[in-house]
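Residue-level listing of the chains:
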Amino acid sequence: MSRRFKLLALLCTLLMVACVFFYRTQYTTLFKSVIYPESIYISPTDVLKEGNGIIFVETTDRMKPPSLVLCAIESAARVYKDRPVVFFMKGLQDITIIQDELEARQRFPTLSSFDNVYFFPLQMDKLFNDTPLMPWYKKVNPKFEIYWTHVSADGCRLALVWKHGGIYMDSDIISMRPIPDVNFLAAEYSQSSSNGVFGLSHHHNFSWKSMENFVQNYNGAIWGNQGPQLFTRTLKTFCTIPQFKSNEDVKCGNISFLNPKRFYPIPYGAWKRYYDVCPNVPTFNDSYALHFWNFMNKEQKTMVPGDNTLIEHLYKQYCPTTYAALKNNEPIYG
């Protein structure tokens, strides 16, 4: 009986071990299915919570933007490797879990390998909520706005940077090196600010005052009234804008006003230089990024591999994945 009892006890023990192993295996599988990253809820607030994101905006419904847009995002992802680069697109549907965001990323093969690039829908009705822009948004009729794509983008960038902080960039800006300032505006030329690139901390007063000024002085029929002119008007309420001396930046309160050479070494009137044959590429040592003035590009010039243009050299250096796909006739849209 003793031997039988011991054998029975051993069998019971083995059975218990098997049950525990089975339970733990099934529990782990179940546990993974519950917490697997693809099932976790994700929002722009989650991604941009550190206040150091790089933000791009698309206010049309297009889902196949020009390659320059992809180059701009890729270059930012490379320059700001430890920071989220977020593209808000009006044409995207709701994204609620990481799986949705991953599927959105697959639409852009040249960007899908960058773990710090994210895509989210641009939902203006939600974005403008709790900002001075909401009454304007409820009242304005896009059908009668000749510059609606641009005016709405002017409002979106302000609301996004107000709510999240970080750096906003137009999608025709190629990044070359990190911008060292946190709170900054970019001078297009002396005494005049652009709004194509700027950085402000979360809930910075400049963002709020700019949104108030946006509404108070709204005139959608004047190009730039809600953009560069708005920023210049608001900046003048913070200080008397200092003159630039040589290549130096200046200060306006706690905001750095960056020299035009930081982003605009080629001014808007000379934008075609980017598409000229260029055997000797400028170093642009005084610049953090380059603005390509795509609004001026009515001829819809593009980068063509093998043309030896300045823009081709810049693609090669700062967005090589996008460049390689174009050169090899590989798809850039999924």
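For clarity, every value in this text was computed on a predicted model and none was experimentally measured.

## Side note on the sheet that holds strand β7 (residues 192-200)
Moving on, step 1. Read across the open sheet, the eight strands follow the order β3-β2-β1-β4-β7-β6-β9-β8; overall the sheet is mixed. Of all strands in the sheet, those bounded by a partner on one side alone are β3 (117-121) and β8 (250-252). With direction set aside, neighbouring strand axes in the sheet form an average angle of 30°.
Moving on, step 2. One ladder, built from five bridges, connects strand β2 (residues 85-89) with β3; its direction is parallel. Considered in β3, the bridge of M89 is made with P121.
Moving on, step 3. Across the sheet, helix α9 (residues 228-238) lies against β6 (184-189), β7, β8 and β9 (255-258), angled at about 80° from β7, the strand it touches most.

## Section: the packing of aromatic side chains
Aromatic ring pairs: the centre-centre distance and the angle between the two ring planes describe each pair.
Moving on, step 1. The full count for this structure, using the stated rule, is 26 aromatic pairs.
Moving on, step 2. Taken together, a centroid distance of 4.9 Å and an interplanar angle of 75° make the contact between F198 and F231 edge-to-face. Remark: F231 occurs in helix α9 and F198 occurs in strand β7; sequence separation between them is 33 residues. Each member of the pair F198 and F231 is classed as buried.

## As for unusual backbone geometry
Moving on, step 1. Within the chain, D130 stands out as a residue other than glycine whose phi angle is a positive 65°.
Moving on, step 2. With respect to the helices, strands and loops of the structure, D130 is situated in the loop between α5 (124-127) and α6 (133-139).
Moving on, step 3. Phi is positive for S246, which is not a glycine, with a value near 55°.

## Details of the nonpolar core
Moving on, step 1. Counting residues in hydrophobic clusters, the biggest one holds 99 residues, and the most contacted among them are I179, V197 and F263.
Moving on, step 2. The residues touching V197, leaving out its near neighbours within four places in the chain, are I167, Y168, M169, I173, I179, F184, A186, F263 and Y264.

## Remarks on the confidence of the model for the protein
Parts of the prediction with low pLDDT should not have their coordinates interpreted in detail.
Moving on, step 1. Per-residue pLDDT for the protein has a mean of 91; in total, 89% of the residues score no lower than 70.
Moving on, step 2. Every residue in residues 17-36 is under pLDDT 50, and counting partners more than four places away or in other chains gives three contacts.

## Thoughts on the pattern of salt bridges
Moving on, step 1. In total, this model carries nine salt bridges according to the counting rule given.
Moving on, step 2. For R157, the salt bridge is made with D154, and the minimal N-O distance between the two is 3.6 Å. In this pair, R157 and D154 are both assigned in helix α7 (residues 148-164), three residues apart and thus about one turn of the helix distant.
Moving on, step 3. The class of R157 is buried, set by a relative accessible area of 5%.
Moving on, step 4. A salt bridge links R262 to D249, with the shortest nitrogen-to-oxygen separation between them at 3.1 Å. With a gap of 13 residues between them, R262 in the loop between β9 and β10 (289-291) and D249 in the loop between α9 and β8 connect regions that are remote in the sequence.
Moving on, step 5. According to the relative accessible area criterion, R262 is buried, its value standing at 9%.
Moving on, step 6. Owing to a relative accessible area of 29%, D249 belongs among the partly exposed residues under this scheme.

Reading guide: rules and limits
Residues numbered from 1 in each chain as written. Predicted model: local features only at pLDDT ≥ 70, side-chain atom pairs only at ≥ 80, totals over all residues. Heavy atoms only, no water. Pairing = 2+ DSSP bridges. Helix = DSSP H or I, 4+ residues; strand = E, 2+ residues; numbered from the N terminus. Axes fitted to C-alpha atoms, helices over the stretch in contact; angles between N-to-C directions. Contact = heavy atoms within 4.5 Å. Phe/Tyr/Trp six-rings, centres within 6.5 Å; stacked < 30°, edge-to-face > 60°. Buried < 20%, exposed > 50% of the residue type's maximum accessible area, 1.4 Å probe, protein only. Core = buried A, V, L, I, M, F, W, Y, C linked by side-chain atoms within 4.5 Å. pLDDT = per-residue confidence, 0-100. Salt bridge = Lys/Arg side-chain N within 4 Å of Asp/Glu carboxyl O.

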